[in-house]
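# Architecture and fold: a report
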Amino acid sequence: MPRPSVIHPARPQDLPALRRLFRAAVASDFAYFPETYRGGVLRQNTLPRLARAALHPRRIVLVARADSLTGFLIGSLQPDGVAHIYWLFVDPTARGRRLGSELLEAGLRELRRAGASKVSLVTHRYRKFYERAGFHFDRVQLLPELFGDNEMHVMTLDLGAKP
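Reading the values: the criteria
What you see as residue numbers is a count from 1 along each chain, following the sequence as written. Given that this is a predicted model, residues contribute local features only at a pLDDT of at least 70 and side-chain atom pairs are listed and counted only at 80 or more, while totals for whole chains, interfaces and linings are drawn from all residues. Excluded from the side-chain calculations are hydrogens and water; all other atoms, namely the structure's heavy atoms, are used. Should a side-chain nitrogen of Lys or Arg be within 4 Å of a carboxyl oxygen of Asp or Glu, the pair is scored as a salt bridge. Partly exposed describes any residue whose relative accessible area lies between the buried limit of under 20% and the exposed limit of over 50%, with all areas from a 1.4 Å probe on protein chains only and scaled to the type maximum. The helix count covers DSSP runs of H or I at least four residues long, the strand count covers runs of E at least two residues long, and both are numbered beginning at the N terminus. Pairing between strands is defined by DSSP: at least two bridges between the two strands are required. Axis angles are defined between N-to-C directions and span 0 to 180 degrees, where every axis is a line fitted to C-alpha atoms and, for a helix, only to the segment in contact. Working rule for contacts: check all heavy atoms of both residues, and any pair within 4.5 Å makes them a contact.

## Structural notes on the pattern of salt bridges
Enumeration over the complete set of coordinates arrives at six salt bridges. We note a salt bridge from Arg98 to Glu105, for which the minimum N-O separation is 3.3 Å. On the basis of relative accessible area, Arg98 is assigned to the partly exposed category, the value being 48%. What makes Glu105 partly exposed here is its relative accessible area of 37%. Notably, a salt bridge pairs Arg127 with Glu131, separated by 2.9 Å at the nearest N-O pair. With Arg127 and Glu131 both in helix H5 (residues 127-132) and four residues apart, this pair spans about one turn of that helix. On the accessibility criterion, Arg127 (29% relative accessible area) is partly exposed. The partly exposed category is assigned to Glu131, whose relative accessible area is 33%. One salt-bridge network, held together by shared partners, links Arg11, Asp14 and Arg65.

Here is the structure:
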């Protein structure tokens, strides 16, 4: 039986594994993005940039670790109190154990604690997952130069309301 995952803010020793898992996520679950966009995402999320994000007071970088790093959540809080979740990923070998839900719940707690009043995100495949967590569908976003022919769903959650 796999060891339970522990979710915590990313520490310096987590960053190399976070970068490897991030690269794997972009190559697999986010392969629907055009190759040029994926390349840009990887260039924007180098190990030094992930380290800066983990230290930035308006960023949230959470990792889930059992025997190895199994998932992550990356988000930010804007000065107006609106937060955005950029990435939520669970390694395919660790799925089916509520780890994505636990990462999301931990991320929302951290964002609420930091003063967020609203959270937004964009998803392609996981609209129902986020709806179960209390997010509401806001609109479809079509940006062919970034997302190719993919229909992206903008989701929002009012942190003043319970999901």
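## Comments concerning the pairing of strand S2 (residues 59-65)
Note on strand geometry: in a regular strand, side chains alternate between the two faces of the sheet. The buried fraction of S2 is high, at five of seven residues. Examined bridge by bridge, strand S1 (residues 6-9) and S2 share four bridges and lie antiparallel to one another. Each bridged residue has a counterpart across the sheet, and for Ile7 the counterpart in S2 is Ala64. Relative to strand S3 (residues 69-77), S2 runs antiparallel, the two being bridged by seven bridges. What sits directly across from Ala64, in S3, is Gly71.

## Some thoughts on the sheet that holds S1
If you walk across this open sheet you meet the seven strands as S1-S2-S3-S4-S5-S7-S6, and the pairing is mixed. Among the strands making up the open sheet, the edge pair consists of S1 and strand S6 (136-141). For this sheet the average axis-to-axis angle between neighbouring strands, irrespective of direction, equals 25°. Where strand S4 (residues 82-90) meets strand S5 (residues 118-123), four bridges bridge the pair, whose relative direction is parallel. By the bridge assignment, Val82 is partnered in S5 with Lys118. The strands that helix H1 (residues 15-27) touches are S2, S3 and S4; relative to S3, the one it contacts most, it runs at about 90°.

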